[in-house]
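# Structural features, examined
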Amino acid sequence: MKFSNFYLLDNSLVKNKVSLIRDKNCSVSQFRNLVKDLSIFLCYEACKDLKLEVSKIETPLEETDGFSFGPICFVAVLRAGLGMVPGALECVPDASVGNIGMFRNEETLRPVRYYCNLPKNISKGHVFILDPMLATGGSICDAIDVVKEHNVTDVTCLCLISAPEGIKKVNEKHPDVKIYSASLDRELNSKGYIMPGLGDAGDRIFGTL
Ligand code: PRP
Ligand code: URA
C-alpha cells in the first residue's frame, strides 16, 4: 500500500523494542520504559527536518556556525499520549506541552473530546502530536483539527503503532501532516483494535487492565 508523508523507523533496535512492548507478559514498568525509549527514537528521527536558524558562536578556539530551532510544543492525546511525554522531553527539554483529552466511543469508534489545554503561543512553532496508537485515525485527525484551529501550520504525528486505515485517513484529511511510526501493522479487527498491535495502550501504560 502506498502512503504519503508516512515515515516508518527502519532500525533493528526499534524492531526489537516494538517486539518487547507487544508481548502480553511485559510488565507495567517495562511497558512504560519501552514507550519512553521508542518516543525518544521517534522524536529524534522526526526532528531531522526541523528548520534551523544559523548564528555565530565562539568555541574556545574560533568562531563558527551554531544551529538552533524555533519553539516546539508536544501535544499529548490523553490518556495514552502522556506516556510518550517523558521520552519527547528527553530530546527537547525546553519544549512546551499541551494536552488534548479524548477517548473512543467503543461502539461508534468516534473520538469524544473532554479536555483541551494548549500553550497560548502554540502557533509560533512546530507541533508534535503524541499518540501511541493510530487505529481508525479518528482521534489523531480530531487532535490535528484542534491544533490547526489554534493557527498551527507545522504538525507532525509521532505514533508507536499505526494501522493502514488510520494512515489513510490522516493522508486524506490532512495531506500536509507527517507521521513517524515505530511500526506499520496489518489491519484493524472488528472492534477497531490494531492487529497484531499491543492491546489497549492507555490501560497498559496506566496499569488499568
Ligand atoms: C486510544 C489511543 C488513541 C486512540 C486510537 O485511546 O491512545 O488515542 O485510541 O484510536 P483511533 O485511531 O481509532 O481513534 P483510547 O480511546 O483508548 O483512550 P485512552 O488513551 O484514554 O485509553
Ligand atoms: N487504541 C488502543 O489503545 N489500541 C488499539 O489497538 C486501538 C486503539
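### A short note on the site of ligand 1
In the vicinity of ligand 1 there are 15 residues, among which Arg104, Asp131, Thr136, Gly137 and Ser139 approach most closely. Arg79 places a side-chain nitrogen or oxygen 3.0 Å from an oxygen atom of ligand 1. Backbone polar atom of Gly137 to an oxygen atom of ligand 1: 2.8 Å apart, as the coordinates give it. Protein chains shield 91% of the accessible area of ligand 1, which is 500 Å² for the free molecule. Elements represented by at least two residues in the shell around ligand 1 include exactly strand E4 (72-78), strand E5 (96-104) and helix H4 (138-149). Looking at side-chain class alone, the shell around ligand 1 contains 6 nonpolar, 5 polar and 4 charged residues.

### So, the site of ligand 2
Taken together, the neighbourhood of ligand 2 is formed by Arg104, Met133, Ala135, Gly192, Tyr193, Ile194, Gly199, Asp200 and Ala201. Within the backbone of Ile194, a nitrogen or oxygen atom sits 2.8 Å from an oxygen atom of ligand 2. A distance of 2.8 Å separates an oxygen atom of ligand 2 from a polar backbone atom of Ala201. Considering ligand 2 on its own, with 240 Å² of exposed area, one finds that the protein chains cover 89% of that surface. Residues that form the shell around ligand 2 fall into these classes: 5 nonpolar, 2 polar and 2 charged.

Calculation criteria
Residues numbered from 1 in each chain as written. Chains lettered and ligands numbered in written order. Predicted model: local features only at pLDDT ≥ 70, side-chain atom pairs only at ≥ 80, totals over all residues. Heavy atoms only, no water. Near = heavy atom within 4 Å. Polar contact = N/O pair within 3.5 Å; in protein donor to acceptor, adjacent residues only side chain to side chain. Areas by Shrake-Rupley, 256 points an atom, 1.4 Å probe, with all protein chains shown as cover. Helix = DSSP H or I, 4+ residues; strand = E, 2+ residues; numbered from the N terminus. Nonpolar A, V, L, I, M, F, W, Y, C, P; charged D, E, K, R; others polar.

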